[in-house]
Amino acid sequence: MRMFGKAGKAAAVAAIAALALTACGRTDSGSSTSTAGGEAFPKDSLIGVALPQKTSENWVLAEKLFNDGLTGAGFKADVQFANGGVSEQQNQISAMVTKGAKVIIVGAIDGAQLGTQLQQAKDSGATVIAYDRLLLNTENVDYYVAYDNFKVGVLQGEALLDGMKAKKASGPYNVELFAGSPDDANAKVFFDGAMSVLKPKIDDGTLKVLSGQTTFEQAVTQGWKAENAQRRADTLLTGSYGTASLDGVLSPNDTLARAVLTSVKAAGKPLPVVTGQDSEVESVKSIIAGEQYSTINKDTRKLVEHAITMVKDLQAGKELEINDKESYKNGVKTVPAFLLPPQIVTAENVKTAYVDDPVLGPITK
Ligand code: BGC
């Protein structure tokens, strides 16, 4: 079903304004960057893509895919990482606005810290698409494209229970909970999705969290950094698992899953069931080797492809395809979203999950 958000209309109005401006420019300068009937902006316009830090392989893959895909479609691409942090990302977005980007795609480090730059983008007539991570507390985000983050968490919670049950038919099971970086809007959504499955089991005594750390604030991992997760795992093991066994760990992604496994190995404990996300090469190997229990397949190619489809539709003056108009409330508005379905991967389906993946598949062993 196709649904069209209010922001779609706003973007259309902005597009018409941009069209009028471009038409004026053409008369004055004879520029070759003209628009044809119905087009919102010229086909060779600049498109900005602001990516966060390289905290997982998906971001690194996205860089090349955006460069190739946008250039292949005839646009000029300006794809930037902000490894230096929030202020670097702020400067990059301002520079994209100054250079005249017609669409700015943002994978935010901190979705709540870009208000000024997104206002600049809006004032310049650019359309803003939040990519993978939502942009918070701003009117100036038009669309969101991502894998269904809540569903990712649900799948992780279910996998944790399934994995522990396969090892030991009934509880109680001792588990610890890890969450992502609190400045990333996704981290809480992943955690909430997982807790929608795990909380009832904590409440009925099936799951025991020996550290007592069950809130998002207690579980977070600043900057999605492996060393932070490893340090916390070390502390939890020393503090709460002297003689007790640790049966399972909710980990929000693969980088942190491997950090937890490293910590457990160093403590000389049997490996717990550990969840993950992102289908990182080392984690897929670990799943095949029987160490990490699960990951989530969120094919970056499909996500980037859809983001580029949105850019093409905006350029052509078409309404965008939206499949969720309710879930993503950013503090001031509900952002029309296109959500893709994530897939759980364990040793059971690891061979079929990546058959057409150029990096991971086909897995033959
Ligand atoms: C992404 C995850 C990734 C994490 C750390 C999140 O926003 O959705 O796929 O693991 O960032 O890079």
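Residues numbered from 1 in each chain as written. Predicted model: local features only at pLDDT ≥ 70, side-chain atom pairs only at ≥ 80, totals over all residues. Heavy atoms only, no water.

1. Re unusual backbone geometry
Comment: phi is negative for the bulk of residues other than glycine, and the bulk of peptide bonds are trans. Here is the rule we go by: By definition, any uninterrupted DSSP run of H or I lasting at least four residues is a helix, any uninterrupted run of E lasting at least two residues is a strand, and each is numbered from the N terminus.
Along the chain, Gly-171 connects to Pro-172 via a cis peptide bond; the corresponding omega equals 0 degrees. In this fold, Pro-172 is placed in the loop between helix H5 (149-167) and strand S6 (173-177). Not every positive phi belongs to a glycine, and Asn-137 is a case in point at roughly 55 degrees. Relative to the assigned elements, Asn-137 resides in the loop between strand S4 (127-131) and strand S5 (143-147). A positive phi angle, close to 55 degrees, is found at Trp-224, a residue other than glycine. For Trp-224, the position within the fold is in the loop between helix H7 (216-219) and helix H8 (226-240).

2. Quick look at the site of the ligand
The following threshold applies: Being near a molecule or strand, for a residue, means having at least one of its heavy atoms within 4 Å of it. Two N or O atoms form a polar contact when they lie within 3.5 Å of each other; inside protein one atom must be a possible hydrogen donor and the other a possible acceptor, and for residues adjacent in sequence the pair counts only when both atoms belong to side chains. Put simply, Ala, Val, Leu, Ile, Met, Phe, Trp, Tyr, Cys and Pro go in the nonpolar bin, Asp, Glu, Lys and Arg in the charged bin, and everything else, Gly too, in the polar bin. Where each domain starts and ends follows an automatic or database-derived domain assignment.
Around the ligand lies a shell of 14 residues, among which Ser-56, Asp-132, Arg-133, Asp-184 and Asp-278 are the nearest. Asn-253 places a side-chain nitrogen or oxygen 2.9 Å from an oxygen atom of the ligand. Breaking the shell around the ligand down by element, the ones donating at least two residues are helix H2 (57-72) and helix H6 (185-203). Looking at side-chain class alone, the shell around the ligand contains 3 nonpolar, 6 polar and 5 charged residues. Lining the shell around the ligand are residues from two domains, each supplying at least three of them: domain 1 (10-141 + 299-341) and domain 2 (149-297).

3. Things to note about H8
Quick reminder of the rule: Residue count minus one, scaled by 1.5 Å, sets the expected span of a helix. With a 1.4 Å probe rolled over the protein chains alone, any residue whose accessible area is under 20% of its type maximum counts as buried; one over 50% counts as exposed, and the rest are partly exposed. Directions drawn from the helix axis to the C-beta atoms are what define this arc. Residues are treated as being in contact if the distance between any of their heavy atoms lies within 4.5 Å.
Relative to the 21 Å expected for 15 residues at 1.5 Å per residue, H8 spans 21 Å between its end C-alpha atoms, a close match to the ideal helical length. Among all positions in H8, only Ala-229, Arg-232, Ala-233, Leu-236 and Leu-237 are buried. Viewed end-on, H8 has its buried residues packed into an arc of 135 degrees, placing them on one side of the element. Looking at H8, the residues exposed on the side facing more than 90 degrees away from the buried face are Thr-235, Thr-238 and Gly-239. Contacts made by the buried residues of H8 are with S6, H7 and helix H9 (254-266).

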